[in-house]
Amino acid sequence: MTTHPWSGIEPSRTTLVRSKVRWRRALAATALVLLAAPLAAEQMQRFDDIEVHYVVVNSSFLDREVAARYGVARGKDRAFVNLSVLDRNGASLDASVSGTTLNLLNQESALAFSTIKEADSIYFIAPLKFTDRDTLRFRIDVVVRGRDPMRVEFQQQMFVDP
């Protein structure tokens, strides 16, 4: 064994093994984050030269002040859909957005979208309440002036925040 360069203390075998395990875990966690990032970034559907990006986020991840500013109720069983409509150059487009969710029992709930405009960005958010481990099917209709209506469909399993 070699001595530690800063302290002159020889590390124990247990310390070396723990260090290697921590290093491997950190490397594995970094790899998972890097692999998952492109998957999360691909939550979008393309309609000719328009992209509709969407994400469903548990509202408990929002800061209290941010949630209050946008009128989003925070809770373990609450989430919101965040949607943006972009042209081929990545510029935000204004749109009319409406939609519904369907759970596994085919119970339908309407999504009430609000429009948020900040600088050059436009977002459409809709709050929702869910039960733990339920899979929701989302059907969202997007209408941009002068364009054919677009329907975004996806499903997501929901988990109550512990």
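To start, this report covers the structure provided alongside it. Everything numeric here is computed off the predicted structure, so don't read it as measured data. (Residues numbered from 1 in each chain as written. Predicted model: local features only at pLDDT ≥ 70, side-chain atom pairs only at ≥ 80, totals over all residues. Heavy atoms only, no water.)

What to know about the overall build of the protein chain
Working step 1: Of the regular secondary structure elements, the protein chain holds two helices and nine strands.
Working step 2: Helices and strands appear in the protein chain in the N-to-C order α-β-β-α-β-β-β-β-β-β-β.
Working step 3: A total of 162 residues make up the protein chain; the buried ones form 30% of that total.
Working step 4: For the protein chain, contacts bridging at least 24 residues in sequence account for 56% of all contacts bridging at least 6.
Working step 5: Of the roughly 11200 Å² of accessible surface on the protein chain, a fraction of 53% belongs to carbon and sulfur atoms. (Helix = DSSP H or I, 4+ residues; strand = E, 2+ residues; numbered from the N terminus. Buried < 20%, exposed > 50% of the residue type's maximum accessible area, 1.4 Å probe, protein only. Contact = heavy atoms within 4.5 Å. Areas by Shrake-Rupley, 256 points an atom, 1.4 Å probe, with all protein chains shown as cover.)

Digging into the pairing of strand E3 (residues 78–86)
Working step 1: With respect to burial, E3 is a largely interior element, seven of its nine residues being buried.
Working step 2: One ladder, built from eight bridges, connects strand E2 (residues 50–58) with E3; its direction is antiparallel. The partner of Glu51 across the bridge, within E3, is Leu86. (Pairing = 2+ DSSP bridges.)

Description of the pattern of salt bridges
Working step 1: Inspection of the entire model under this criterion finds eight salt bridges.
Working step 2: The shortest N-O distance in the salt bridge between Glu153 and Arg139 comes to 3.3 Å. Of this pair, Glu153 sits in strand E9 (residues 150–157) while Arg139 sits in strand E8 (residues 135–143), and the two are 14 residues apart along the sequence.
Working step 3: The network of salt bridges with shared partners includes Asp49, Arg88 and Arg147. (Salt bridge = Lys/Arg side-chain N within 4 Å of Asp/Glu carboxyl O.)

So, the sheet that holds strand E1 (residues 44–47)
Strand pairs in the sheet, formed through backbone hydrogen bonds, run parallel or antiparallel to each other.
Working step 1: Overall, antiparallel pairing links the five strands, which are arranged E1-E2-E3-E7-E6 in an open sheet. At either margin of the open sheet sits one strand with a lone partner, and together these are E1 and strand E6 (114–118). Within this sheet the neighbouring strands show an average axis-to-axis angle of 25°, counted without direction.
Working step 2: Relative to strand E7 (residues 121–129), E3 is paired through six bridges, and the arrangement is antiparallel. Bridged to Leu83 within E7 is Phe124. (Axes fitted to C-alpha atoms, helices over the stretch in contact; angles between N-to-C directions.)

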